[in-house]
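# Working through the structure, step by step
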Amino acid sequence: MGTGLAIHRYTVTSAFGRGLAAHRAGLMSGRSGLSAHALADGSPCAIGRVAGLEDVAMPASLARYDCRNNRLALLALEADGFAESVAAAIRILGAGGVGVVVGTSTSGIGATEAAYRAPAFAERGALAADFPYRETHNVFSCGDFCRRYLGAKGPALVVSTACSSSAKAFGVAARLIASGTCRAVVVGGVDSLCDTTLYGFHSLGLLSPTGPRPFSADRDGIAIGEAGGFALVGPADVFGARGGLYLAGVGDSADAYHMTAPHPEARGACAAIAAALGGAGWRPEDVDYVHLHGTGTLHNDAAEDLGLAHMGLAAAPASSTKGAVGHTLGAAGICGAALVGLAMDAGYLPGTANTGARDPSFHSNLLLSGRPGAIRRALVNTFGFGGSNCTLALEWRP
Amino acid sequence: MIAYIAGWGVLGPGLPDAETAGAILAAEGAYRDGVARAPIAAGLSPNEARRCPATARYALDVGQQALRAAGWDPGEVPTVLASGSGDLEISDKNCRSLAQAAIALSPTLFHNSVHNAAGGYWGIATGSRAATISLSAYDESFAAGLLEALMTLGTARRCLLIAYDLPAPGALAAVRKVPVPFAAALALTSERPAGPVARLSWRWGPQDLEAEAPMAEPALEALRAANPAARSLPLLQALSARQPRTVSWTYPADGALRVAVAFEESR
């Protein structure tokens, strides 16, 4: 769908640190923010951890929402003065005019994991009635926390489509604004480290023992990262016309193939890319940069490479930031959007941290190292379990 | 803004399918509680059917009812799946595995634990590569899904809304009270179908004194309150009785989705 929505403010918090300055420095350094980790059985892996979550204090009125995922949401909302920008938008538009759409895959399930390990659970065989399921584990918890913290009173919902969650959240925001339901929308993505995803990806043999090497021939899996990011989107004229980052299109599709394996001919990925290009009114040759989903697994990277070639995007400069901040799952879309916004602002084409050489069988124009270069039009790919795909078309307007 | 209903589906206690439910909901005093029949997940290969969790079965059952009633090929129809809690049976099993000294999570239970598992199985069963989204707004998930489906008609000709929630297993029953299973689906279109049709005019606005419309019959009101997907019942009853009315759903924030249902004859 064509949107042309302004992304008035955005912020991201990940293994690179809190806020845009830390990410700009991280992106341009070419370094990885991942650290070594070991599972309980000794299996090595890498993770992207956000420092300082243990010290976050939740507001007293939202104490029941206390869990790692909502702490990460709070930390991310407070970076770059984002929460203050939303407060300013609410002063102008009214609280009812501002919606909240957050993407997450596992929400605060870590709270339930911990409660199941507590001796009280073994004795009772059930969670205590006062366990804050609604405010932590439930999928909506993260969106509910954000809307309460920000005081936004437009529609609030959580999109949970695995790794495409926060990319699809941009689509909901565009529809909320196009239908006149909202005048501005806070789009977010928050996913935090938890055992469900660490041991789940381990059970599928998809965790790299050392760290992801996206699009390399010796790639052997992903590293899970945690991240929170937010964007305040609305029509260009709502806060006064200005240059900067715009959402030009959202392409949404399904693989209709398998729960975890991508379509071998990348049909779903192609459909998402085609829809994003169509919505933005771009031809493939207009695209200056592709932020790859590029998780570092054998099959996903191969399917994405094939999809780009099918769509006439093999020549477009492309890179993956999964070796830098990890695969942030439901937050991958908002992370990609924020990193692309930074790259556009800086006039810098990011490299693929952790990857030494491109798989020789691939066709994509993979950037191994970053270099100066203007990006006016970019795509952000996200592909998730359940064959759930979403591509964002982002545009920099002077 | 306007949308038309081309078909619907339902599965819950005492409401085994849209045709039976239509007659029950249209006749005062006809509803009898009961055990929900087992859902049918058509279109999956034997392997996929074996892996398909109960939540996805309910979603497939009601979604396929609605598409059959509408006479639509699923291929081009975007889907919106709304569930307050997703699959808590799977959360429970995974959290039990993670609490063991030697952790061995089932790969199938892990990939089925994603909130969009039902959406994934829908695509696999129908072959549809159309846009699909899975969302939650806790107890207001049906209204959130309906809002998203109605907004989707701004650019798409058709949209299928599927709402479902199932009871929590014992260990979570005290913290998430959904005593009965329920699922409902609406096939929505921006193009007026031929024949008599229900027309919806909708808007989002601030809450006012207009309370959420309950069901007149206590047994149906109890069912409506028992499951987030059963918040669809006032709308399903209006469709069944062909009774013009305005249905509203208050929302977690301070807004409400208001839908005026009208009936048009053939033209």
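Parameters at a glance
Residues numbered from 1 in each chain as written. Chains lettered and ligands numbered in written order. Predicted model: local features only at pLDDT ≥ 70, side-chain atom pairs only at ≥ 80, totals over all residues. Heavy atoms only, no water. Helix = DSSP H or I, 4+ residues; strand = E, 2+ residues; numbered from the N terminus. Rg over C-alpha atoms; globule rule 2.2 N^0.38 Å. Buried < 20%, exposed > 50% of the residue type's maximum accessible area, 1.4 Å probe, protein only. Contact = heavy atoms within 4.5 Å. Areas by Shrake-Rupley, 256 points an atom, 1.4 Å probe, with all protein chains shown as cover. Lys, Arg positive; Asp, Glu negative; His and termini not counted. Charge placed at Lys NZ, Arg CZ, Asp CG, Glu CD. Salt bridge = Lys/Arg side-chain N within 4 Å of Asp/Glu carboxyl O. Buried area = accessible area lost by both parts, 1.4 Å probe. Polar contact = N/O pair within 3.5 Å; in protein donor to acceptor, adjacent residues only side chain to side chain. Nonpolar A, V, L, I, M, F, W, Y, C, P; charged D, E, K, R; others polar. Pairing = 2+ DSSP bridges.

## Some remarks on the overall build of chain A
- Of the regular secondary structure elements, chain A holds twelve helices and 17 strands.
- For chain A, whose C-alpha radius of gyration is 20 Å, the value lies close to the compact-globule estimate of 21 Å for 398 residues.
- With respect to the principal axes defined by its C-alpha atoms, chain A has extents near 60 × 55 × 40 Å.
- Looking at the 398 residues of chain A, the share that counts as buried comes to 66%.
- Intrachain contacts of chain A at a sequence separation of at least 6 include 78% that bridge at least 24 residues.
- Accessible surface computed for chain A: about 11,900 Å², of which carbon and sulfur atoms make up 53%.
- Of the charged side chains in chain A, 29 are positive and 30 negative; the average position of the first set lies 6 Å away from that of the second.

## A word on the pattern of salt bridges
Residue and element names in this part refer to chain B.
- Scanning the model with the defined rule gives 30 salt bridges over all chains in all.
- With a closest N to O distance of 3.2 Å, Arg96 and Asp92 form a salt bridge. In this pair, Arg96 and Asp92 both sit in helix α4 (residues 88-98), four residues apart, roughly one turn of the helix.
- Relative accessible area serves as the criterion here: at 34%, Arg96 is assigned to the partly exposed category.
- Among the residues examined, Asp92 registers a relative accessible area of 7% and is labelled buried.
- Residue Arg231 pairs with Asp139 through a salt bridge whose shortest N-O separation is 3.9 Å.

## Examining the interface of chain A and chain B
- Counting residues at the interface gives 60 residues for chain A and 58 residues for chain B.
- For the pair chain A and chain B, the summed buried area comes to about 4,800 Å², and 68% of that belongs to carbon and sulfur atoms.
- Summed over the three residues of chain A that lose the most area to chain B, namely A:Tyr116, A:Tyr133 and A:Met259, the buried surface amounts to 15% of that side.
- A:Arg175 serves as the salt-bridge partner of B:Glu148, at 2.6 Å between the closest nitrogen and oxygen.
- In this assembly, chain A and chain B are joined by 14 residue pairs in polar contact (both at pLDDT 80 or more).
- With seven residues, the top contributor of residues to the side of chain A that touches chain B is helix α8 (residues 195-203) of chain A.
- Partitioned by chemical class, the residues of the side of chain A that touches chain B number 29 nonpolar, 20 polar and eleven charged.
- Note that strand β6 (residues 156-159) of chain A and strand β3 (residues 132-136) of chain B share two bridges and pair antiparallel. Bridge pairing links A:Val159 to B:Leu135 in β3(B).

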